[in-house]
Amino acid sequence: MTNENGDRDPIDWERYEEEIGGPGAADVVDLDKARQRRDHGDQVDADAGPDGSAGPVLVDSVAAQRRPRFTLSGLRDAKRRPIVPGWLRSRAEATGNALWALELAGHTLAYHGIRMPKYAAKVTWRAPRGAVRLVVTYVRWWFDREGEVFRQASAREEDADLYLKLARQRDRRVRWRGIVTVPVALAVFLALVWLATAASTPTVWAALAALIVACGVVGTPADKPLLDTAVVRTDAAPLTSAEVVRALSTLRIVGIDRAIRAGDTGKRWFPAPIQRDNGAGWRAEVELPRGVTATEVVEKREELASALARPLGCVWPEANTDVHPGRLVLFVADRDMSRAKPVPWPLLKTGLVDLFKSFPFGTDPRGRMVPLTLMFASMIIGSIPRMGKTFTLRLALLGAALDPRAWLYAFDLKGTGDLAPLEPVCHRYRAGDDDEDIEYAIIAMREVRAELRRRTKVIRELPRDLCPENKVTPELADRKTLGLHPVVIGVDECQVWFEHPKYGDEFEEICTDLVKRGPAAGIVLILATQRPDAKSLPTGISANAVLRFCLKVMGHTENDMVLGTSMHKTGIRATMFSRRDKGIGYLAGEGDDPQIARTAYIDGPTADAIVTRARAARERAGNLTGHAAGHTVDTVAVRRDTLLDDLAVVLGTGEAKVWTETVLERLAGLRPDAYAGMTRDQLTAALKVHGIKTKQVWGTDPTTGEGANRRGIDRADITAAITKRDREQGGRAAS
Ligand SMILES: Nc1ncnc2c1ncn2[C@@H]1O[C@H](COP(=O)(O)OP(=O)(O)OP(=O)(O)O)[C@@H](O)[C@H]1O
């Protein structure tokens, strides 16, 4: 199509107009009628243009596409960049950076300081050559030797005019430079005379030293620097947009390939320039071609690393779904995260933890500290074997150990003793999965459940001003009389509990209760498992945990099991980690978005040293309890399960069947410490262990006096279960 100026417009606007209005649209729109309607003040047609004229306005026209440069609403919605940079706002990070700079300066000074004699010898050796170089350079300048080539060239080409011009210019220069030389020479001469006659000895030596250093520096060959290298830098090449586009185009992602085939050069894929981030690498934001999601790229992290020719541990693609699913944030670190020396844990040698506040957990790919706040949360740690779950659990428990108020329960069901360093500070500790160990654990967990019930009652009865949010506060935790100190329970390989044939259901029921109600009561449950599936990590637990740390997993089901529903779909994929990424995972629940973190690496001996410090702090606070104080748990108690006998007592002989709620009331009356607060579900689960099921029971409501059919217990079932148990125990005793 040709416009008024005779230029060819690449867009056939007439055709598009016709298409919008349908065939013959130009005939259908009656402009006169439209004008009449406007003149008569009729409502403007929905299709009317902005000027009120009838007919559709093409949004694809150049005018419609033009965006106003400056609008107030645009400014209101604009994202403000922080006045103080992020690393300065975090005290820990700012101190860390300042310490690093001081340390670097100290190292450099010490390195060069120790080499001063060597440098002095080098400088003295090079000084004569430097002196000659200085004199020669000066003489060359004085006699304008740099113009010599041109003068000779003009002579060779017999260009008399040019030669004369250059010769005259040289004469002028030599004369002028000679005039400058006289005062300079005089000054040097006078300085020498003064040094030789009137100056003090230190001044003479200082002047001589300065002269030697100056000459030595001038006499230094270009390929042999005077100073040795104190710090060897391994600077990574900068990341360029062309490189990113080229790498993305090799990933065989259909949408990207299609865009490139259609002539997209990728120049407009970058909404902001690629920047250095925290001095640790390059950060590129990429607006992927329409229809391509960032998760497609995240899944191909390994191929992307190969396309960028960087180690896998340097390449960290993430989806920024806050903007839209096609916005990719690519961080390319200078150093391989899985190989880099781990940043030492700040609490290694000094400092205690307040569990109500965060403590250092690890670092992100940018080298920034990642915190963890255990209070008011439960935590799940999951991955395939040998990725660092136990180390992560131990790290979290070490943090808890450094809060002298906290009671620690550590259960190492793998039984290898990985949690053994924590034993000196644990209120309850057990390694192994034998019957004895499981019995110990069930007693401990029953104890925690009873404690949970007690705490909820204490919190409920506290005056509003002391407990405004109906949850434990740091002040309440400090009051020893209330007994609301933090309780942190760590279980490694928790699937062993939940799959246990006898106590599995009870463990599940207690843990579900703890995950749901424990955080508000100051009880934190941390579960680690290498088999994150519905059986190893019951959904009631996995759905309610707040904190989640997912190291490498193999599939999206495990990913979502640990990190939460739909995480895989939204691009939070722990499947992208490689087997070398030990201790590296996605941490969700701390902060707004899940973040990649490498846990602080603490080996056994280091953990021992931290625990020694933690124990000393507990001794000072008078808070060495349970296992740590040498108390043992009577595991025989668990074998003498009193529930059946207690039921036999409360059911009496007169009634054949009793409603569950009535049984619960009677049990609470019989043993308030064991049964107060027990729910119907809990009783049902406890009965299931003995193979007893509740059934429909007809009875009369004592308050209303009306008959009703409700769930209840048959006394015959209890008697049968007791007989069976006694027979079995008798058989075992006889054998
Ligand atoms: N933050 C870390 N940095 C470097 N290496 C780590 C880190 N955390 C753990 N590792 C390494 O990973 C290895 C496995 O750790 P860990 O025993 O915790 O794995 P796991 O997942 O619990 O294994 P399993 O499933 O067999 O219990 C350890 O030997 C340790 O050296």
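What counts and what doesn't
Residues numbered from 1 in each chain as written. Predicted model: local features only at pLDDT ≥ 70, side-chain atom pairs only at ≥ 80, totals over all residues. Helix = DSSP H or I, 4+ residues; strand = E, 2+ residues; numbered from the N terminus. Buried ≥ 20, exposed ≤ 12 C-beta atoms within 10 Å, placed from the backbone. Pairing = 2+ DSSP bridges. Axes fitted to C-alpha atoms, helices over the stretch in contact; angles between N-to-C directions. Contact = placed C-beta atoms within 7 Å. Near = placed C-beta within 6 Å. UniProt positions renumbered as here; feature names shortened; annotations may be inferred. Core = buried A, V, L, I, M, F, W, Y, C linked by C-beta atoms within 7 Å. Domains from an automatic or database assignment. Expected span 1.5 Å × (residues − 1). Parallel < 35°, antiparallel > 145°, perpendicular 65-115°, else oblique. Left-handed = near helix turned anticlockwise from the far one by under 90°. Nonpolar A, V, L, I, M, F, W, Y, C, P; charged D, E, K, R; others polar. pLDDT = per-residue confidence, 0-100.

Trainee: It is not clear to me how the overall build of the protein chain should be interpreted in this structure. Could you clarify?
Mentor: Helix and strand counts for the protein chain come out as 29 helices and 17 strands. Burial statistics for the protein chain: of 735 residues in total, 30% are counted as buried.

Trainee: Looking at this model, I keep getting lost on the pairing of strand β12 (residues 547-550). Mind explaining?
Mentor: Note on strand geometry: in a regular strand, side chains alternate between the two faces of the sheet. Residues L547 and F549 line one face of β12 and the alternating positions R548 and C550 line the opposite face, and both faces are buried. Bridge count for β12 against strand β13 (residues 584-588) is three bridges, and the pairing is antiparallel. Bridge pairing in β13 places C550 opposite Y586.

Trainee: How should I be thinking about the sheet that holds strand β16 (residues 695-700) in this particular structure?
Mentor: The strands making up a sheet are joined through hydrogen bonds of the backbone, oriented either antiparallel or parallel. Strand order in the open sheet formed by three strands is β15-β17-β16, and the pairing between neighbours is antiparallel. Each end of this open sheet is capped by a strand with a single partner; those strands are β15 (657-659) and β16. Put simply, the sheet's adjacent strands are angled 60° from each other on average, direction ignored. The pairing of β16 with strand β17 (residues 707-714) spans six bridges and is antiparallel. Among the inter-strand pairings, T700 is bridged to a residue of β17, identified as G707. Sheet strands in contact with helix α26 (residues 660-670) are β15 and β17, and its direction is about 85° off that of β15.

Trainee: Where do I start with the site of the ligand in this structure?
Mentor: Around the ligand lies a shell of 16 residues, among which P385, G388, K389, T390 and G583 are the nearest. Put simply, the parts of the chain that give the shell around the ligand at least two residues each are α16 (389-401) and β14 (595-599). When residues in the shell around the ligand are grouped by element, the largest group, three residues, is from α16.

Trainee: Just to check I follow, could you spell out the UniProt feature "transmembrane region" (unreviewed entry) in the protein chain for this structure?
Mentor: The UniProt record annotates "transmembrane region" (unreviewed entry) at residues 178-197. The annotated region residues 178-197 carries 100% helix and 0% strand content, and the separation between its end C-alpha atoms amounts to 28 Å.

Trainee: Even after reading the chapter, I still don't get the pairing of β17, so can you show me in this structure?
Mentor: In this sheet, β17 lies alongside β15 in antiparallel orientation, the contact comprising three bridges. Counted as the bridge partner of K657 is D714 from β17. Hairpin connection between β16 and β17: a loop of six residues separates the two successive antiparallel strands, and G705 in this loop has a positive phi of roughly 75°.

Trainee: Honestly, the sheet that holds β14 in this entry has me stumped. Any pointers?
Mentor: The sheet built from ten strands is open, its strands ordered β6-β5-β14-β13-β12-β7-β11-β10-β8-β9 with mixed pairing. The sheet is open, and its two borders are formed by β6 (369-372) and β9 (426-431), each paired with just one other strand. On average, adjacent strands in this sheet sit at an angle of 25° to one another, irrespective of strand direction. Sitting on the sheet, helix α17 (residues 435-461) touches β8 (407-412), β9, β10 (487-492) and β11 (523-529), and the angle it makes with β9 is about 150°.

Trainee: Please clarify how the UniProt feature "binding site: ATP" (unreviewed entry) in the protein chain should be interpreted in this entry.
Mentor: The feature "binding site: ATP" (unreviewed entry), as given by UniProt, occupies S383, I384, P385, R386, M387, G388, K389 and T390 in the numbering adopted here. Tracing the chain through its elements places S383 in the loop between β7 (379-382) and α16. Among the residues examined, S383 registers 27 C-beta atoms within 10 Å and is labelled buried. Counting through the fold element by element, M387 comes out in the loop between β7 and α16. You can call M387 buried: it has 25 C-beta atoms within 10 Å. When residues no more than four places from it in sequence are discounted, the contact partners of M387 are L551, K552 and K582.

Trainee: Hey, could you run me through the nonpolar core in this one?
Mentor: Side chains of a nonpolar character, in soluble globular proteins, are inclined to be buried together. Core analysis: the biggest nonpolar cluster contains 124 residues, and L397, A401, L408, L422, V488 and I526 have the highest contact counts within it. Per-element accounting of this core gives the leading share, nine residues, to α17. Looking at which domains feed residues into this core, each of domain 3 (241-333) and domain 4 (362-461 + 478-624) gives three or more. L408 has contacts with L397, A400, A401, L422, V425, C426, H427 and V488, leaving out every residue within four places of it along the chain. Judged by nonpolar contacts, the second largest core, of eleven residues, contains L647, V650, L651 and V658.

Trainee: Quick question: what am I supposed to make of α17 here?
Mentor: Structural remark: α-helix, 3.6 residues per turn; residues separated by three or four positions point the same way. Counted at 1.5 Å a residue, the expected span for α17 with its 27 residues is 39 Å, and the 39 Å between its end C-alpha atoms agrees. Restricting attention to buried positions, one finds in α17 the residues I438, E439, Y440, A441, I442, A444, M445, V448, R449, L452, R455 and I459.

Trainee: I'm lost on the environment of L109 in this one. Help?
Mentor: You can see L109 is positioned in helix α7 (residues 91-114). Residue L109 is classed as exposed on the basis of its 11 C-beta neighbours within 10 Å. Spatially, the C-alpha atoms of L109 and A230 are 8.8 Å apart, while their sequence positions differ by 121 residues.

Trainee: Please explain unusual backbone geometry as it appears in this structure.
Mentor: For E158, which is not glycine, the phi dihedral falls at a positive 55°. Mapped onto the fold, E158 is located in the loop between α9 (148-156) and α10 (160-197). A count of 8 C-beta atoms within 10 Å places E158 in the exposed class.

Trainee: What is the right way to read the environment of R335 from this model?
Mentor: Examined against the element boundaries, R335 turns out to sit in the loop between β4 (327-333) and β5 (359-363). The class for R335 is partly exposed, based on 17 C-beta atoms found within 10 Å. Along the sequence, R335 and A280 sit 55 residues apart, while their C-alpha atoms lie 7.6 Å from each other.

Trainee: Could you clarify how one ought to interpret the packing of helix α20 (residues 504-517) against helix α28 (residues 680-688) in this entry?
Mentor: Two quantities define a packed helix pair, namely the angle between the helix axes and the distance between the axes. Remark: α20 packs on α28, axes separated minimally by 8 Å, with the N-to-C direction vectors making an angle of 160°. Accordingly, the angle class assigned to the pair α20 and α28 is roughly antiparallel. Remark: the crossing between α20 and α28 carries left-handed chirality. Packed against α20, whose contacting residues are D505, E506 and E509, the element α28 presents Q682, A685, A686 and K688 at the interface. Taken together, the residues of the contact of α20 with α28 sort by class into two nonpolar, one polar and four charged.

Trainee: Even after reading the chapter, I still don't get the confidence of the model for the protein chain, so can you show me in this structure?
Mentor: The predicted coordinates of low-pLDDT regions are not to be read in fine detail. Model confidence for the protein chain is summarised by a mean pLDDT of 84, while 87% of its residues fall at 70 or above. The low-confidence segment residues 38-53, where pLDDT is below 50, has eleven contacts with residues more than four positions distant or belonging to other chains. Within the model, the stretch residues 731-735 combines pLDDT values under 50 with zero contacts to residues more than four positions away or in other chains. Model confidence for the complex is summarised by a pTM of 0.62, with the ipTM given as 0.98.

Trainee: Looking at this structure, how should I read the environment of T220?
Mentor: Looking at the secondary structure, you find T220 in the loop between α11 (201-218) and α12 (241-249). Along the chain, T220 and V123 lie 97 residues apart, while their C-alpha atoms are 8.0 Å from each other. Beyond its immediate chain neighbours, meaning those up to four positions away, T220 contacts R126, P225 and L226.

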